[in-house]
Amino acid sequence: MRRLLYVHVFLCCLSMARPFCPSQCTCVFHGRADGAGTRSVLCNDPDMSDIPVNVPVDTVKLRVEKTGIRRIPTEAFYYLVELRYLWITYNSITSVDTGSFYNLKVLHELRMDGNMISMFPWESLKEMPLLRTLDLHNNRLTNVPTEAIPYLLNISYLDLSSNKLSTLPSDLMDIWPPFNGAPTSTNSSQKIVLGLQDNPWFCDCKISKLIEISKMADTPVVFMDLFLTCGGPENLAGVLFQRAELDNCVKPSVMTSATKITSPLGSNVLLRCDTTGTPTPALYWAKSDGSLVNNTVQESPGEGIRWSIMSLHGILFKDAGNYSCKAKNVAGNAEATISISVAGTTTMSTTVPPVEPGPNTGLTSPSTAMIPTDTPGPPTVASTAPPKTSTPQPAVPKKPKTTPSNISQKGSFKQTKIQEGGNGRKLAADEKSKKSDTLKSVKDLKIVEETSDSAVLLWTADGLSNDAPLTVVYSPYGEDETKRTEETNAGIGKLLLEGLSSGMRYSVCLIAKGSDAGKDPCTDFYTLDNVDDVGQNQLFMVISGIACALILPLIALLIYKILALYCKGRNAGTDEEELGKESYVKFETISMKQRALNSHPTELWSRRPTNESERMLLCSRSSIDSQMTYKSDCSRSEYLC
């Protein structure tokens, strides 16, 4: 008996040590021979209205199915730190809080199909970094926002079928091959499974990438149902994705002004990029590290066209690299790359004074050593051309020409002498440099951008220092007494001449300090005519032409009228005579004969000549005579014209 009591107490303690299972759920422990195992919990009581809170903490799989639960509260599963599979299917859930899945760090699979969810908290997916399966089949979702895309990067199984989706963000397809740029592979472990059937898809450019994937034969993206159909617009309703042809939907294409550019140090660089596509693509520039370039200008001159210009001012060595022009619209992406290289190095010139020949050297003349440095300097000191040599002058002893070969042969000696030279030698070198600068010349003198009252003078300083003084002398051609002067520096390279007279010829000379007389460069140019005078002359010509066009027809008409009246006056007398002749006709009077007894019955009328007086009164009497009736033989007199 005592042994039986011990056994009973042991069994009671063992039952108390086991985790508690909710009354409306079934808990199953799947043990192994080594004592380890997993626990699954199934809650399918139709009378359950809330998520159970006393689920064993070692639960790996939780299924809540066919219950009356309508809402998932915040932190409903926070204590289930070992939960890997969560199925909340075929319930009446309409609301899911943002923090409902808090602390589910190892969850792999979330299934919530068969509910009435219209808005899913996509940001809650960040609490499940290991999530790979998301099943929202048979709900009431109407859209997937663009903000949800970052949380779907690791999802390999996404089921959105049997919802009310009509479109998807165009960027959503960019996270999957082939639009994400990753190499495609037929490895099944890299497949992306999508369930998108039974949705009223509106087939336009926004889902053009989705339609394109459906037409691909070999792609890592696999559809659960290959026969996706369009729900709109009307001309595509019921058409399969594989046969849908979209209107006004063209991927961008990018064109650049160049693919590789080499620019001198300190120069300004402009890069242009053009793109076409429908809808009109957006353009932006990016460096090789992905950072965006802000100093750009862009414009869209028409539908489906856009251009952009990126500017780099005072380019340095750090600006070298690849720059990508990227175009994007809902139909796709495109980009083109331009490579920029920076040429030239900063150089420092030092002149060594004459030294006496030593036991190891035989030099008796000064020479110049070019010491390259890697420090970027201003554009004026950067050069890709070989060093310039001094121009010999009659008054100065001729110096040997310095070449790159003798520089390389004597470089060590020069550098040694430069280091050993004292302050006196440096001052002598500076003095000789100043003297040699005066022997340099100015060339390529020319005039550009002439106007009626100004002109721009350009020149090239052949070896002169940037601060070398120059004097610009200009005057009307042949009028030396009206000369004007302007002071400037050689490094400026241009000067604006103002206050000029229009339509005149000018002479301009550029004089360098210390240069030989008569060897200064000069040039002639003409200023343009005054634009106002030209405009007034053109206006006068137009008005004169209009006046002539109006007055000449009037003058011709007036001359015609005068000639017509003159001709009519000469013919007036002749017309009166003709009128007198033709105005009257010869009349004859028909009168009744005296009847005789034996006369022929048909000879009732006789003709007699009518005199002039009767003819004149014919018209006035005709009305009276026509009314006269003779009683004899019922006859009357008639006058016929």
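Heads up: the structure comes first, above all this text.
This text gives an overview of the structure that appears in the document. Since the model is a prediction, treat every value here as computed from it, not as a measurement.

## Remarks on the sheet that holds strand β7 (residues 109-111)
- The strand order across the open sheet built from 9 strands is β1-β2-β3-β5-β7-β8-β9-β10-β12, with neighbouring strands paired in mixed fashion. The open sheet has two free edges, formed respectively by β1 (25-31) and β12 (221-223), since each of these has just one partner strand. Taking each pair of neighbouring strands and ignoring which way they run, the sheet shows an average axis angle of 10°.
- Pairing between strand β9 (residues 157-159) and strand β10 (residues 192-195): 3 bridges, direction parallel.

## Things to note about the nonpolar core
- If you look at the biggest cluster of nonpolar residues, it comprises 62 residues, and the most contacted ones within it are F77, F120 and W122.
- Elements with a contribution of two residues or more to this core: β2 (37-43), β3 (59-65), β5 (85-89), β10, α2 (208-214) and β12.
- In terms of residue count, the dominant contributor to this core is α2 (3 residues).
- Once residues within four sequence positions are removed from consideration, W122 is found in contact with L134, L136, L141, V144, P145, A148, Y151, L152 and L160.

## Examining the pattern of salt bridges
- For the structure shown, the criterion picks out 12 salt bridges.
- In this structure, R272 engages D274 in a salt bridge whose closest nitrogen and oxygen atoms are separated by 3.1 Å.
- Judged by relative accessible area, D274 falls into the partly exposed class, the value being 22%.
- The partner of R505 in a salt bridge is D524, and the shortest N-O contact between them spans 2.9 Å. With R505 in strand β30 (residues 505-512) and D524 in strand β31 (residues 522-526), the pair connects residues that are 19 residues apart, well separated along the chain.
- By relative accessible area, R505 is classed as partly exposed at 29%.
- One continuous salt-bridge network, built from bridges that share partners, spans E109, R111 and D135.

## Observations concerning the environment of K251
- With respect to the secondary-structure elements, K251 resides in strand β14 (residues 250-256).
- Counting along the chain gives 27 residues from K251 to T278, while the straight-line C-alpha distance between them is 6.7 Å.
- In this view, K251 contacts E212, T276, G277, N329, A331 and G332; residues no more than four positions away in its chain are not counted.
- A polar contact of 2.9 Å, which involves the side chain of K251, links it to the side chain of E212.

## Description of a nonpolar patch on the surface
- A surface patch of nonpolar side chains, about 770 Å² in accessible area, is lined by V542, I546, L550, I551, L552, I555, I559 and L563.
- Take I559: its relative accessible area is 45%, and that puts it in the partly exposed class.

## Here we look at the state of the cysteines
- Evaluation of the coordinates by the stated rule reveals 6 disulfides.
- A sulfur-sulfur distance of 1.9 Å marks the disulfide that ties C273 to C325. Given an S-S torsion of about -85°, the disulfide between C273 and C325 has left-handed geometry. Here C273, found in strand β16 (residues 269-278), pairs with C325, found in strand β20 (residues 321-329); they are 52 residues apart in sequence, far enough to count as distant. Of the two residues, C273 and C325, both sit in the buried class.

## A look at the sheet that holds β16
- One open sheet accounts for 4 strands, arranged β14-β16-β19-β18; its pairing is antiparallel. Taken across any chain shown, the strands that pair with only one partner, and hence form the sheet edges, are β14 and β18 (296-302). Averaged over neighbouring strand pairs, the angle between their axes works out to 20° when direction is ignored.
- For β14 and β16, the ladder comprises 5 bridges, and the chain directions are antiparallel. Each residue of the ladder has a partner; that of S253, found in β16, is T276.

## Some details on unusual backbone geometry
- A cis amide bond links P177 with the next residue in sequence, P178, at an omega value of 0°.
- Inspection of the secondary structure puts P178 in the loop between β9 and β10.
- Looking along the chain, the bond that leaves G232 and enters P233 is cis, with omega of -5°.
- If you trace the backbone, P233 turns up in the loop between β13 (230-232) and β14.
- For E75, which is not glycine, the phi dihedral falls at a positive 55°.
- Structurally, E75 is set in the loop between β4 (71-72) and β5.
- With relative accessibility at 38%, the residue E75 sits in the partly exposed group.

## A word on the pairing of β5
- Direction of pairing for β3 relative to β5: parallel, over a ladder of 5 bridges. Considered in β5, the bridge of R63 is made with W87.
- Pairing of β5 with β7 involves 3 bridges; the strand directions are parallel. The residue of β7 that forms the bridge with Y85 is E109.

## Some points on the side chain of S124
- Its place among the elements puts S124 in the loop between β7 and β8 (133-135).
- The exposure class of S124 is buried, given its relative accessible area of 1%.
- Separated by 2.5 Å, the side chain of S124 and the backbone oxygen of P121 make a polar contact.

## Observations regarding the environment of Y157
- Mapped onto the secondary structure, Y157 falls in strand β9.
- Considered as a pair, Y157 and R132 are 25 residues apart in the sequence and their alpha carbons are 6.4 Å apart.
- In contact with Y157, not counting residues within four places along its chain, are R111, R132, T133, L134, V193 and M224.

## Re the packing of aromatic side chains
- In total, this model carries 3 aromatic pairs according to the counting rule given.
- Between Y78 and Y79, the aromatic rings sit 5.7 Å apart at their centres with planes inclined by 90°, giving edge-to-face as the arrangement.
- Take Y78: its relative accessible area is 42%, and that puts it in the partly exposed class.
- Aromatic side chains Y506 and F525 sit 5.8 Å apart centroid to centroid with 15° between the ring planes, which places their arrangement in the stacked category. Of this pair, Y506 sits in strand β30 while F525 sits in strand β31, and the two are 19 residues apart along the sequence. For the pair Y506 and F525, one class covers both residues: buried.
- For the cation-ring pair, K61 lies above W87, with the distance from its terminal atom to the ring centre recorded as 4.1 Å.
- When the ring centre of Y477 is taken as reference, the NZ or CZ atom of R505 above it lies at 3.7 Å.

About the cut-offs
- Residues numbered from 1 in each chain as written.
- Predicted model: local features only at pLDDT ≥ 70, side-chain atom pairs only at ≥ 80, totals over all residues.
- Heavy atoms only, no water.
- Pairing = 2+ DSSP bridges.
- Helix = DSSP H or I, 4+ residues; strand = E, 2+ residues; numbered from the N terminus.
- Axes fitted to C-alpha atoms, helices over the stretch in contact; angles between N-to-C directions.
- Core = buried A, V, L, I, M, F, W, Y, C linked by side-chain atoms within 4.5 Å.
- Buried < 20%, exposed > 50% of the residue type's maximum accessible area, 1.4 Å probe, protein only.
- Contact = heavy atoms within 4.5 Å.
- Salt bridge = Lys/Arg side-chain N within 4 Å of Asp/Glu carboxyl O.
- Polar contact = N/O pair within 3.5 Å; in protein donor to acceptor, adjacent residues only side chain to side chain.
- Patch = residues over 30% accessible without salt bridge, like charges linked within 9 Å, V, L, I, M, F, W, Y side chains within 5 Å.
- Areas by Shrake-Rupley, 256 points an atom, 1.4 Å probe, with all protein chains shown as cover.
- Disulfide = S-S within 2.5 Å.
- Phe/Tyr/Trp six-rings, centres within 6.5 Å; stacked < 30°, edge-to-face > 60°.
- Lys NZ or Arg CZ within 6 Å of the ring centre and 35° of its normal.

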